[in-house]
Structure formats: C-alpha cells, structure tokens
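Observations on the model geometry
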Amino acid sequence: MNIVDILILLAVLAVAALQLVLLARMRKSGPEAGDGRHIERLERELRLEMQSTAQATRQEVAGHMGQYHAATVQQLDGMRQQMQLHSASGREEQARALKRFADTLQLTLSNLTESNAQRMLEVRGTLETKIRDLQLDNARRLEEMRQTVDEKLHATLETRLSESFRQVSERLEKVHQGLGEMQALAIGVGDLKRVLTNVKTRGTWGEVQLEMLLEQVLTVDQYAKNVETVAGSNARVEFAIKLPGVVDGGPPLWLPIDAKFPKEQYERLLEAAELADADGVARAGAELERAVRGEAKTICEKYVSPPQTTDFAILFLPTEGLYAEVMRRPGLADDLQRSLRVTIAGPSTLSALLNSLQMGFRTLALEKRSSEVWQVLGAVKTEFTKFGDVLATTKATLEKAAKNIESAEVRSRQMARKLKSVEALPSEAAQLMLGPDRLDSDDGS
C-alpha cells in the first residue's frame, strides 16, 4: 500500500466521520425541530461540507502527491548516486580481491609445481634404483639359470657326444677293417685263379674260407683246428666244433666239418651247360655226384665215431653255385645224410647252422651263469633307481628354472605397464645416465 492509497483512505474516513457527526446532531435535534426544511438545510450543508472537504482533501492529496513525487525523485537520485558509488567501490574491491586471488593462486601453483617436480625427481630416483636392483637381480638369476642349464646341457651333451663318437669310432673301425679286407681281397683276386688250379692250394682256400666263417660266428673256445676226432686213428679233420659232453667237465663232443672243392667236375658241368650239351651235362653231373659221394664216404669213415663225435658230420662246399648244383641232384643230399650221416652245407647254410649253435651255446652259458645274471640285473636295477632320482632332480631343476623365467616375464610386464606414462629417453642419454650395461661389460671382459 503506497502513500496515495493511505491519503484516500484517510479522506474517506474523514467524510464518514463528518456524516456520523451530522447524523448524531440530527437525532438530537429531530424531535424538537420536526420540520422538513430544517432537514433539507442540514443535507445541503452536509453536502457542501462534504464537497468542500473532498475538494480540500483532493488538493491536500495532490499537494502531498507532488511532495511525495519530488521526494521520491530526489530519493531515487540519491539512491542512484549511492549505488553508483557502491558499485564503483565494489568493482575496485572485486578487482583487488581477484588480483589477490590470482597472486595467491599463482604462488600456490608455483609451489605445487616445485613440489611435484621434487616428488617426480624422488620417484624417478627411487624407480631407477628399483629398476637397477631388479636388473641386477634378474641378471644374477639369469646367470644362475644359465649356469645350471649349461651344466645340465654340458653333461648331457658330453654323454651323448661320447656315446655318438664311440659308435662312430666303432663303425669307422669296422669300415676300415672292411676296406682293408676289400683291399686284401682285391690284391688276392689275381692270385685266386692260380690258387684254384692246384688241388692242394684249392683245398687250402676252402679251409681258409671255412675258418673265416667259424671265426666270425664262434669264439676260439667253441671250435678247434686239425682235431683227431677218433682216438688212435691219426686222422685229423680240418675243423671240429666243441659241443658240451655228456659229463659236465669231461671230454667235449666233437662235430667234424671238412671243406671239399671238386672244381674240375663243376667246371666241366658249367662248360657243357654253356654249350647246351645235354649228354655232357649228364656226364659232368654224374661225375660231380660221384666225387661228392666219395668225399662224404671219406669223411664218414675217418671222422665220425660216436660217442666221441656226433653221429653226423658236415661237408662244406666253399661256393654257393657249387652248393646249389649239388643240392639240385635228385635225392643226393638225403641219401648222404641217411646212409653216410654227412650233411652238405654251403657258405650261407653253414652260417645259419653256426648261428643256431651259437644261440645254443649262449643258452647253456646263461643257464650256467644264472646267478651272475641275477646279480647283474640287481645292480642294474639299483643303478636304474639312482638314474630315476637323478632324472627327477633334473626335472625339478628345469621346472624351477622355467618358473623363474615366467616370474621374470611377469615382473617385466608389470614394469612395462608402470612405465607407459614415462617418456622414454634417447639411447645415448639413457646410457650416459645409467652407465654401460653390466652384462655387456662382463661379456666383453
């Protein structure tokens, strides 16, 4: 509610008060006067008084309004000037406060920057120290792992290389022996024809070939040369295989082997076959058969005498071609084995027979030395247990080395993640700051 409303309200209240006063007078004087003219006069006076009062009130209100308007304008001008002064001083104070805040903020930022730089230097120093310690620790562990692996590898490689060199040396020695034998054979090929032309030298050649087969398969204690198989006969067979006797520790049981080479009959048979001479082939075959029967009869009469010997002997033919031709004769081998107890054998057949005998000798030796074999097996079992322990230790060492490598890789990845936010220095600056690599210097020394 403003001043104008208050003044109007006061004027209305004044008019109302006048009306009430007039009404009160009329009530007091009404019964005494009692005529209408007096009432009309009072009403006119009241109306005039009200008009004059209203006019005076309006004039007073207009005057008050003018005064109020002038005072309001003057007050507003004063307030505007005061507000301008306050705003100017406020701006100056705000500028000074902002300047003080900027100075304080700048100082705080400078202090914070210096503190952060100092902390970064400390963190960097700590990180470099930790990285250097970690590098030294990793280098030490890697060196230990390398030494362990080198020792294991050196031992394993040395063992395997020694075994490989031993096998290679043995094979080279055998190859050298074979080359020597081939050279000797090549040297003796020229003399072979001269040897075979003489009966005595031809027999010697068959005897040498038989001795070579015996040496390759049997040991020197399992056969003998120029043996008198029949006591008191002075007939000595070229070779005899020593078989176990009936009594353990008693005299051995001999298996006579004699080498024969009917070269002339065989060559005539080959010449007749080349000429396609059927009659010549038949005659030469009959001559070869008679010669083989004669040699078998001689062997049976001179060298077979059970129980000093076996109940059969072996007639050795030095070439496979001659052996095949004799075996082609119908019923010849069976007749000689049945009637004269002589078995015909060529080089391959005799080798197979000697191998069978060698297996028998080994079986007998194993039976006699079964206790020693069990002892050897026990020693082998003990060594195998030790070998298993060594293998388990080696496995544990290798697993530990693998775990150490995995741990080093995990730590390396963790350091790499931590160092992602750090800017990398050039290699020259890094070497200048950290110094030369320890491992490189160790390798160089």
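Source: prediction; values computed, not measured. (Residues numbered from 1 in each chain as written. Predicted model: local features only at pLDDT ≥ 70, side-chain atom pairs only at ≥ 80, totals over all residues. Heavy atoms only, no water.)

Below, the discussion takes up the overall build of the protein chain. In terms of regular secondary structure, the protein chain is built from eleven helices and five strands. The 445 residues of the protein chain split such that 20% are buried. Across the protein chain, the fraction of contacts at a sequence separation of at least 24, relative to all contacts at a separation of at least 6, is 65%. Carbon and sulfur atoms make up 59% of the accessible area of the protein chain, which amounts to about 32,500 Å² in all. (Helix = DSSP H or I, 4+ residues; strand = E, 2+ residues; numbered from the N terminus. Buried < 20%, exposed > 50% of the residue type's maximum accessible area, 1.4 Å probe, protein only. Contact = heavy atoms within 4.5 Å. Areas by Shrake-Rupley, 256 points an atom, 1.4 Å probe, with all protein chains shown as cover.)

One pass over the structure, following the stated rule, counts one cavity of 30 Å³ or more. In this model, the largest cavity occupies a volume close to 30 Å³. As for the largest cavity, its lining consists of Asn138, Arg141, Leu142, Met145, Asn404 and Ala408. Those elements that place two or more of their residues in the lining of the largest cavity are helix H2 (36-197) and helix H9 (370-418). Tallied by class, the residues present in the lining of the largest cavity amount to three nonpolar, two polar and one charged. (1 Å grid on protein atoms, 1.4 Å probe; cavity = no way out; pocket = protein on both sides within 12 Å on 5 of 7 lines; lining within 4 Å. Points joined across faces, edges and corners; volume = space filled by probe spheres on them. Nonpolar A, V, L, I, M, F, W, Y, C, P; charged D, E, K, R; others polar.)

This brings us to the side chain of arginine 329. Along the polypeptide, arginine 329 turns up in the loop between helix H6 (320-328) and helix H7 (332-340). Judged by relative accessible area, arginine 329 falls into the buried class, the value being 18%. The residues touching arginine 329, leaving out its near neighbours within four places in the chain, are Gly285 and Glu289.

Buried residues of H7: Leu332, Ala333, Asp335, Leu336 and Leu340, and no others. When H7 is viewed along its axis, its buried side chains cluster within an angular range of 165° and face the same direction. What points out from H7, more than 90 degrees from its buried face, is the exposed set Asp334 and Arg338. In this structure, the buried side of H7 is in contact with helix H5 (278-303), H6 and strand E5 (342-345). (Arc of directions from axis to C-beta.)

Let us now look at the packing of aromatic side chains. Going through the model one piece at a time under the given rule, you end up with one aromatic pair. A ring pair is formed by tyrosine 223 and phenylalanine 239, whose centres lie 6.4 Å apart and whose planes are at 55°; its orientation type is tilted. Taken together, the residues tyrosine 223 in strand E1 (residues 223-228) and phenylalanine 239 in strand E2 (residues 236-243) connect sequence positions 16 residues apart. (Phe/Tyr/Trp six-rings, centres within 6.5 Å; stacked < 30°, edge-to-face > 60°.)

Let us look at a nonpolar patch on the surface. Nonpolar side chains collect at one region of the surface, where Ile6, Leu9, Leu10 and Leu13 lie side by side and expose about 360 Å² of accessible area between them. Here leucine 9 lies in helix H1 (residues 3-33). (Patch = residues over 30% accessible without salt bridge, like charges linked within 9 Å, V, L, I, M, F, W, Y side chains within 5 Å. Salt bridge = Lys/Arg side-chain N within 4 Å of Asp/Glu carboxyl O.)

This part covers the pattern of salt bridges. A full pass over the atoms with the stated rule returns 19 salt bridges. Of the charged contacts, one joins aspartate 335 and arginine 338 as a salt bridge, the two residues approaching to 3.5 Å between their closest N and O atoms. A residue pair is termed a helical-turn pair when its members lie 3 or 4 positions apart in one helix, as aspartate 335 and arginine 338 do in helix H7 at three residues. The class for aspartate 335 is buried, based on a relative accessible area of 19%. Arginine 338 sits in the exposed class, given a relative accessible area of 61%. Connected through shared salt-bridge partners, Asp137, Arg140, Arg141 and Glu144 make up one network.

A few words on the packing of helix H4 (residues 263-274) against H5. Relative to each other, H4 and H5 sit at 160°, their axes nearing to 8 Å. As judged from the angle between their axes, H4 and H5 are roughly antiparallel. Both H4 and H5 take part in a crossing whose hand is left-handed. Each of Gln265, Tyr266, Arg268, Leu269, Ala272 and Ala273 in H4 lies in contact with H5, whose residues at this interface are Gly280, Val281, Ala284, Gly285, Glu287, Leu288 and Ala291. (Axes fitted to C-alpha atoms, helices over the stretch in contact; angles between N-to-C directions. Parallel < 35°, antiparallel > 145°, perpendicular 65-115°, else oblique. Left-handed = near helix turned anticlockwise from the far one by under 90°.)

Next up on the list: the nonpolar core. Counting 27 residues, the largest nonpolar core has Val292, Leu317, Leu322, Val326, Leu336, Val342 and Ile344 as the members making the most contacts within it. Once residues within four sequence positions are removed from consideration, valine 342 is found in contact with Ala296, Ile299, Cys300, Ala313, Leu315, Leu336 and Gln337. Grouped together as the second largest cluster of nonpolar side chains are 19 residues, Phe239, Ile241, Ala259 and Leu354 included. (Core = buried A, V, L, I, M, F, W, Y, C linked by side-chain atoms within 4.5 Å.)

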